[in-house]
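Architecture at a glance
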Amino acid sequence: MVALFRILVGSATASAVGRVRLPRGAHAAFMSGSAPLPTDEPGWRAVLSPDQFRVLREKGTEPPGFSENRPGQLEYELKKTTGSKYPQEGVYACTGCGTPLYYARSKFNSGCGWPAFFAGVPGAIKEVPDADGRRIEIVCNNCGGHLGHVFKNEGFPTPTNERHCVNGISIRYDPAGEQPEDMPSVLPALRPRGVPE
Ligand SMILES: [Zn+2]
């Protein structure tokens with residue numbers, strides 16, 4: 001995890017990392033697993049930016065297009081550094097605790113304004129039905145951080161017919177994260193019919 005953190009600091013997400021209030025070394029210890037996860041609100045506020053805290057710990061939702069259009073945010077920086085919102089190597093890790101949550105090849109274009117994935121890393125995502133029973137919230141199984149919602153059987157041409165609609169602020173791209181060798185590419189599904197680029 002120390003190596004992972006170095007990659008994150010050195011990558012396009014460095015600006016997001018730089019907003020944490022603790023000294024960088026303290027956050028590095030936290031992300032490397034050598035420090036325990038925060039257990040209360042002040043603890044999380046100390047390691048997350050205000051925007052990250054609002055989404056991850058208070059279940060807020062970033063505006064549609066926020067990740068793609070705002071400098072420093074996940075998809076904006078992906079396009080700038082890799083030329084695409086859909087790099088085919090690497091993983092997306094939890095902003096709160098660093099756990100790998102999504103393989104790069106599971107990201108597809110749903111046209112909905114938020115990062116979308118057809119499946120989570122097995123065991124990494126917990127599904128929690130909303131109180132009104134209308135939607136299913138998804139959270140990081142390790143730290144409980146709010147990711148977004150999962151929608152099923154919408155007809156997207158992916159291997160699972162699921163859409164994990166994830167706040168970009170909840171995840172970070174790790175280009176060195178490993179995927180299973182048989183992880184399918186969904187490049188043919190990146191632009192479903194009727195969905196603009
Ligand atoms: Zn987490």
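In this report, we go over the structure that sits alongside the text. (Residues numbered from 1 in each chain as written. Predicted model: local features only at pLDDT ≥ 70, side-chain atom pairs only at ≥ 80, totals over all residues. Heavy atoms only, no water.)

**Observations concerning the overall build of the chain**
On a plain count of helices and strands, the chain comes out with seven helices and nine strands. Within the chain, the fraction of its 197 residues that count as buried is 49%. Residue pairs in contact within the chain that sit at least 24 positions apart in sequence constitute 55% of those at least 6 positions apart. (Helix = DSSP H or I, 4+ residues; strand = E, 2+ residues; numbered from the N terminus. Buried < 20%, exposed > 50% of the residue type's maximum accessible area, 1.4 Å probe, protein only. Contact = heavy atoms within 4.5 Å.)

**Points about the packing of aromatic side chains**
The description of an aromatic ring pair rests on the distance of the ring centres and on the angle between the ring planes. Applying the stated criterion across every chain yields a total of four aromatic pairs. Considering the side-chain rings of Tyr92 and Phe117, the 5.2 Å spacing of their centres and the 65 degrees angle between planes classify their relative orientation as edge-to-face. Pair noted here: Tyr92 is in strand S1 (residues 91-94) and Phe117 is in strand S4 (residues 116-117), with a separation of 25 residues, a long-range link. On the basis of relative accessible area, Phe117 is assigned to the buried category, the value being 0%. Residues Tyr102 and Phe117 carry aromatic rings whose centres are separated by 4.2 Å and whose planes lie at 15 degrees to one another, so their mutual orientation is stacked. Remark: Phe117 occurs in strand S4 and Tyr102 occurs in strand S2 (residues 100-103); sequence separation between them is 15 residues. Neither residue differs from the other here; Tyr102 and Phe117 are each classed as buried. A connected cluster of aromatic rings, assembled from ring pairs, spans Tyr92, Tyr102, Phe117 and Tyr173. (Phe/Tyr/Trp six-rings, centres within 6.5 Å; stacked < 30°, edge-to-face > 60°.)

**A few points about the coordination of the zinc ion**
Within the protein, Cys94 (SG), Cys97 (SG), Cys140 (SG) and Cys143 (SG) serve as the donor atoms for the zinc ion, at 2.3 Å. Taken together, the four donor atoms coordinating the zinc ion and their angles of 102 to 115 degrees define a geometry best described as tetrahedral. On the primary sequence, the residues serving as donors to the zinc ion are separated as C-x2-C-x42-C-x2-C. Here the residue Cys97 occupies a position in the loop between S1 and S2, and Cys140 occupies one in strand S6 (residues 136-140), the gap between them amounting to 43 residues. For the pair Cys97 and Cys140, a shared accessibility class is recorded, and that class is buried. (Donors = N, O, S within 2.8 Å, 3.2 Å for Na, K, Ca; no water. Tetrahedral: all angles 85-135°; square planar, octahedral: opposite > 155°, others 65-115°.)

**A word on the pattern of salt bridges**
If you walk through the whole model with that rule in mind, you get 13 salt bridges. The closest approach of N and O atoms between Glu75 and Lys107, which form a salt bridge, is 2.5 Å. Placement of Glu75 in helix H7 (residues 74-82) and of Lys107 in strand S3 (residues 107-108) is noted, with a sequence separation of 32 residues between them. Like Lys107, Glu75 is buried. Here Glu162 makes a salt bridge to Lys152, at a shortest N to O gap of 3.9 Å. One end of the pair, Glu162, is in strand S8 (residues 162-166); the other, Lys152, is in strand S7 (residues 146-152), with ten residues separating them in the sequence. Under the relative-accessibility criterion, Lys152 is labelled partly exposed at 35%. Each of the salt bridges in this network shares a partner with another, and the network as a whole consists of Glu41, Arg45, Arg54 and Glu58. (Salt bridge = Lys/Arg side-chain N within 4 Å of Asp/Glu carboxyl O.)

**Remarks on the pairing of S6**
In terms of burial, S6 is largely enclosed, as four of its five residues are buried. One ladder, built from five bridges, connects strand S5 (residues 125-129) with S6; its direction is antiparallel. The residue of S6 that forms the bridge with Pro129 is Ile136. The turn joining S5 and S6, which pair antiparallel and follow one another in sequence, is formed by six residues; a positive phi near 75 degrees is taken by Gly133. Strand direction decides the pairing type here: S6 and S7, joined by four bridges, are antiparallel. Directly across from Glu137, in S7, lies its bridge partner His149. Taken together, S6 and the strand that follows it, S7, pair antiparallel across an intervening segment of five residues, in which Gly144 is found at a positive phi of about 80 degrees. (Pairing = 2+ DSSP bridges.)

**Description of the sheet that holds S2**
Ordered by their spatial adjacency, three strands build an open sheet running S2-S1-S9, and the pairing between neighbours is antiparallel. Of all the strands in the sheet, the pair left with one neighbour each is S2 and strand S9 (171-174). Mean inter-strand twist for the sheet, computed between neighbouring axes without regard to direction, equals 30 degrees. Against the sheet, H7 makes contact with S1 and S9, and its axis sits at roughly 20 degrees relative to S9, the strand it touches most. (Axes fitted to C-alpha atoms, helices over the stretch in contact; angles between N-to-C directions.)

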